[in-house]
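# Structural overview for review
Below are the chains, spelled out letter by letter.
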Amino acid sequence: MAGRAIRRTRFAPSPTGLLHLGHAYAALVAAEQADPGAFLLRIEDIDRERCRPDYEAAIHEDLHWLGLDWTQPALRQSDRMPAYQDALRRLEPLCYPCRCRRGDIRTALSAPQEGALPAGPDGLIYPGTCRHRSMTDLGADDVIRLDARRAFDAIGVAQLEFRDEIILPGQPHRISRDEFLDGIGDVILSRRGMGTSYHLAVVVDDSAQGISLVTRGKDLFDSTWIHVILQKLLQLPTPLYHHHRLIRDDAGKRLAKRDDARALRHYRQDGATPADIRQMLGFRPSDP
Ligand code: GLU
């Protein structure tokens, strides 16, 4: 093992509901893939309106019940605003304020477009209506967007890449500037009333926590491009990725927080043991 980089992973749930089987799977993958003592917990609670302290307490309890433990106190994103603000200040020359609401974006996209509107990992691809605006004109009701064109110019590369150890292991995934502009566009770095966004917070925190292996569901694969460009702009290392399968319900739909019936606590109340949960999810009884 000499010279091999330490595999430090994290499980990063949002306390907006009870953990369900899909979360248990993500947590068990992260813990299993970590080197001993290198599995961390992060509470992603930037959305103050949707997050609740009782859900946060339930996350700790459910994970401990599953047999998981983490080596450092959990990092709470709500305590990290100064770090996000600092990153945002560094990115500011590449950003612009945007006042468009979803309806405005839809209307702007519908005009030249017939059929389905272009969408990326964050929904509709922003048509650039506010791109001419300057950050000195930032209003209280604005979001802050990254100008992807200026961002590519700043890093001076024609494409981005990252590696995944599950999907096409052994060869880098690549996206060109044009593919990024067409398929992702100008994403939001600071949401209304939040001071940051999921993408910015994840990138800043993965670096602060020294995460070398990001394990997460395949549904976030396209979002990873946003994280890679932010890592480049902030001069942070790009970790190795491990996009795992999603746990689906009987109809093949991805589990969501509202699927309360799949909450770990309900299985537990019905008499399931942690070993039963591990087995249902395809883990051997003794992992991790
Ligand atoms: N908090 C995100 C979620 O609940 C996952 C974070 C990540 O892996 O980037 O889906």
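Up top you'll find the structure we're talking about.
Residues numbered from 1 in each chain as written. Predicted model: local features only at pLDDT ≥ 70, side-chain atom pairs only at ≥ 80, totals over all residues. Heavy atoms only, no water.

## Remarks on the site of the ligand
- Neighbouring the ligand are the residues Arg10, Ala12, Ser14, Glu44, Tyr198, Val202 and Arg216.
- A distance of 2.6 Å is found between a nitrogen atom of the ligand and a side-chain nitrogen or oxygen belonging to Glu44.
- Residue classes in the shell around the ligand are distributed as 3 nonpolar, 1 polar and 3 charged. (Near = heavy atom within 4 Å. Polar contact = N/O pair within 3.5 Å; in protein donor to acceptor, adjacent residues only side chain to side chain. Nonpolar A, V, L, I, M, F, W, Y, C, P; charged D, E, K, R; others polar.)

## Here we look at helix α7 (residues 198-208)
- Burial runs high along α7: 8 of the 11 residues are buried.
- What α7 keeps buried is the set His199, Leu200, Ala201, Val202, Val203, Val204, Asp205 and Asp206.
- A positive backbone phi angle near 65° is found at Gly210, which sits one or two residues after α7. (Buried < 20%, exposed > 50% of the residue type's maximum accessible area, 1.4 Å probe, protein only. Helix = DSSP H or I, 4+ residues; strand = E, 2+ residues; numbered from the N terminus.)

## Some remarks on the nonpolar core
- Counting 39 residues, the largest nonpolar core has Leu146, Leu160, Phe180 and Ile229 as its most contacted members.
- With 6 residues, the top contributor of residues to this core is helix α8 (residues 223-233).
- Not counting the four nearest positions on each side in its chain, Leu160 is found in contact with Phe152, Ile155, His173, Arg174, Ile175, Phe180, Trp225, Val228, Ile229 and Lys232.
- Ranked by size, the runner-up nonpolar core spans 28 residues in total, among them Leu28, Val29, Ala31 and Phe39. (Core = buried A, V, L, I, M, F, W, Y, C linked by side-chain atoms within 4.5 Å. Contact = heavy atoms within 4.5 Å.)

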